[in-house]
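So the chains spell out like this:
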Amino acid sequence: AERFKRQRLSGSRGENAIKELINKNLIKTLNVPEKHGKKVLIEVLNGGWDILKERIGKEKPTRITKGGILHNYYAEKLVEWAKKAGYQCWTERNINGKSIDFVYQDLNGKLHAVEIGISSPEQELRNIRLDLQDGITTVTVACFNSDFLEKVREELKGCEELKQQDGRIKFELLSKYL
């Protein structure tokens, strides 16, 4: 509704415009749970960007992560959280040849990694293993779904090498950072 107000559209005209753009395969939408309700993200697809460039000169912006729209959205929220806390932070921070979703430096100078858990529990275990090898103080797997976090925890139980690092591994819902 806020988006429609900014464009001076009524709710019904805005909804109809969204439906038409989806039907023409110019955008797609994604519902994102938040602390108080949900947010609808709109991703402009390549055909949509072609039209925006042609009609109003709008270029496709560079994302702050290598992931999709949801991954990028949560990375932006992590950046806001870190800056509000007074931390220095980076997205897609390259440490020893491995890109970490989000890294922040606490007020004591220690580096902490946050891996945005969206893909698979196995991928998150690989990320944890590599991040810990890179001198990161703690690695947090953060996602919007508690079931996913539980699956990562289960995978961790079967990994002796990582069980020894248990105090350095954390699990959080992304809602903590919203």
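Here the structure is shown first, and the text comes after it.
Residues numbered from 1 in each chain as written. Predicted model: local features only at pLDDT ≥ 70, side-chain atom pairs only at ≥ 80, totals over all residues. Heavy atoms only, no water.

Asker: Before we go on, may I ask you to explain the overall build of the protein in this structure?
Answerer: Per the secondary structure count, the protein includes 7 helices and 7 strands. Ordered by position from N to C terminus, the α and β elements of the protein give α-α-β-β-α-α-β-β-β-α-β-α-α-β. Counting only C-alpha atoms, the protein reaches 55 × 30 × 30 Å along its principal axes. Looking at the protein as a whole, 36% of its 178 residues qualify as buried. Across the protein, contacts joining residues at least 24 apart in sequence account for 48% of those joining residues at least 6 apart. Within the protein, the 26 negative side-chain charges are centred at a point lying 6 Å from the centre of the 32 positive side-chain charges. (Helix = DSSP H or I, 4+ residues; strand = E, 2+ residues; numbered from the N terminus. Buried < 20%, exposed > 50% of the residue type's maximum accessible area, 1.4 Å probe, protein only. Contact = heavy atoms within 4.5 Å. Lys, Arg positive; Asp, Glu negative; His and termini not counted. Charge placed at Lys NZ, Arg CZ, Asp CG, Glu CD.)

Asker: What should I look at first to understand the sheet that holds strand 6 (residues 138–143) in this one?
Answerer: Strand pairing in a sheet takes place through backbone hydrogen bonds and is either antiparallel or parallel in direction. Read from one edge of the open sheet, 5 strands run 3-4-5-6-7, paired in mixed fashion. Unpaired on one side and paired on the other, strand 3 (88–95) and strand 7 (169–173) mark the two borders of the sheet. Here the average twist between neighbouring strands, direction ignored, is 30°. Pairing of strand 5 (residues 111–116) with strand 6 involves 5 bridges; the strand directions are parallel. Across the sheet, the residue bridging to Ala113 is Val139, located in strand 6. The strands touched by helix 4 (residues 69–85) within the sheet are strand 3, strand 4 (98–105) and strand 5, with strand 4 carrying the most contacts at an inclination of about 25°. (Pairing = 2+ DSSP bridges. Axes fitted to C-alpha atoms, helices over the stretch in contact; angles between N-to-C directions.)

Asker: Would you explain the packing of aromatic side chains in this entry?
Answerer: When we look at a pair of aromatic rings, we describe it by the centre distance and by the angle of the planes. All chains considered together, the criterion is met by 7 aromatic pairs. Taken together, a centroid distance of 4.9 Å and an interplanar angle of 90° make the contact between Trp81 and Tyr177 edge-to-face. With Trp81 in helix 4 and Tyr177 in the segment after strand 7, this residue pair connects regions lying 96 residues apart in the sequence. When its relative accessible area of 7% is taken as the criterion, Tyr177 is described as buried. With a centroid separation of 5.0 Å and an interplanar angle of 20°, the aromatic rings of Tyr87 and Tyr104 are classed as stacked. Highlighted residues: Tyr87 in the loop between helix 4 and strand 3 and Tyr104 in strand 4, separated in sequence by 17 residues. What makes Tyr87 partly exposed here is its relative accessible area of 23%. Classification of Tyr104 as buried rests on a relative accessible area of 13%. (Phe/Tyr/Trp six-rings, centres within 6.5 Å; stacked < 30°, edge-to-face > 60°.)

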